[in-house]
Amino acid sequence: MKKIYYIFILFIIFSTGTVSAQKMKIIRCTTPTIIINGEKLTIGDTFDKNSKISWISSKQVLIAKDPNGYMVRYTSSQETEKSTFFTSVLNTQYKELSSRDFDTNGIDGKYIIDKQLILPTGLNADTKYTVELHYTIDGKENIYKAKLSADNSTMIIKKKIFNNKYKETIKARIIAYDKKSNQEILLSNNIEFIHIERAIIPD
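If you're wondering where the values come from, they're calculated on a predicted model, not measured in any experiment.

A short note on the packing of aromatic side chains
In step 1: Under the defined criterion, the tally for this structure stands at four aromatic pairs.
In step 2: With centroids separated by 6.0 Å and ring planes inclined at 70 degrees, the aromatic side chains of F47 and Y74 adopt a geometry described as edge-to-face. Placement of the pair is F47 in strand β4 (residues 46–48) and Y74 in strand β7 (residues 71–75), with a sequence separation of 27 residues. One exposure class covers both F47 and Y74, and it is buried.
In step 3: A network of ring pairs unites the aromatic residues Y70, Y111 and F193 as a single cluster.

Examining the sheet that holds strand β5 (residues 53–54)
In step 1: Here we have three strands laid out as an open sheet, ordered β3-β2-β5, and antiparallel in their pairing. In this open sheet, the two strands that pair with only one neighbour each are β3 (39–41) and β5.
In step 2: Looking at chain direction, strand β2 (residues 34–36) and β3 are connected through three bridges and run antiparallel. Residue I35 lies in a different strand from β3, and its bridge partner there is K40.

Examining unusual backbone geometry
In step 1: Within the chain, N163 stands out as a residue other than glycine whose phi angle is a positive 55 degrees.
In step 2: Here N163 is to be found in the loop between β12 (154–158) and β13 (169–178).
In step 3: Even without a glycine there, the phi angle at N164 is positive, about 65 degrees.
In step 4: Examined against the element boundaries, N164 turns out to sit in the loop between β12 and β13.
In step 5: On the basis of relative accessibility, which here comes to 62%, the residue N164 falls in the exposed class.

Some words on the nonpolar core
In step 1: Ranked by internal contacts, the top residues of the largest apolar core, which has 26 residues, are L119, V131, M155, I157, I161, I174 and F193.
In step 2: Residue contributions to this core peak at five residues, all from strand β10 (residues 129–137).
In step 3: In this view, I157 contacts I113, Q116, L117, L119, L133, Y144, A146, I174 and F193; residues no more than four positions away in its chain are not counted.
In step 4: Membership of the second largest hydrophobic core comes to 13 residues, among which are M24, I34, F47 and A64.

Scoring rules and cut-offs
- Residues numbered from 1 in each chain as written.
- Predicted model: local features only at pLDDT ≥ 70, side-chain atom pairs only at ≥ 80, totals over all residues.
- Heavy atoms only, no water.
- Phe/Tyr/Trp six-rings, centres within 6.5 Å; stacked < 30°, edge-to-face > 60°.
- Helix = DSSP H or I, 4+ residues; strand = E, 2+ residues; numbered from the N terminus.
- Buried < 20%, exposed > 50% of the residue type's maximum accessible area, 1.4 Å probe, protein only.
- Pairing = 2+ DSSP bridges.
- Core = buried A, V, L, I, M, F, W, Y, C linked by side-chain atoms within 4.5 Å.
- Contact = heavy atoms within 4.5 Å.

Here it is in structure tokens:
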């Protein structure tokens, strides 16, 4: 009886570990295939987030998307710890926002954008707001108005913020304005956006 009990406990532990393993979907790669955990994978395939990647070149780059839609850039320099500015900017786990509560630093960080990015706001559902991104690109100041969801819980940021200048890294301030009181609410003062066309370029 005890043997059956222990087998059952091990089954539960194994099942929990399997469910909690985070699957990443390959979105872009600088090579047609990439070896992950000994398997040859290509665009559209999935792998566990902490899998072993077998790099064939220091110039190989992989971009994958987590279940929440946030993209992560993987390179061999993450393992060899080469330090260049571009590597330090992009070799970051690009925020798993659904796993944490929103706070004053909730959306600060670095993000890859392909077509669009959806970020939480922490705004009240029963208040009307305008949300603006203030940033400089190609030496010009820009203001982009993000679209809010019906309940104000999220905002959509589209790739047009780059104005087709995809080699630029955008550092922005995101401010919400209460339409009734005109009160300013700083949503982020330390956020960066990198277009996927820039992120896929080797270091």
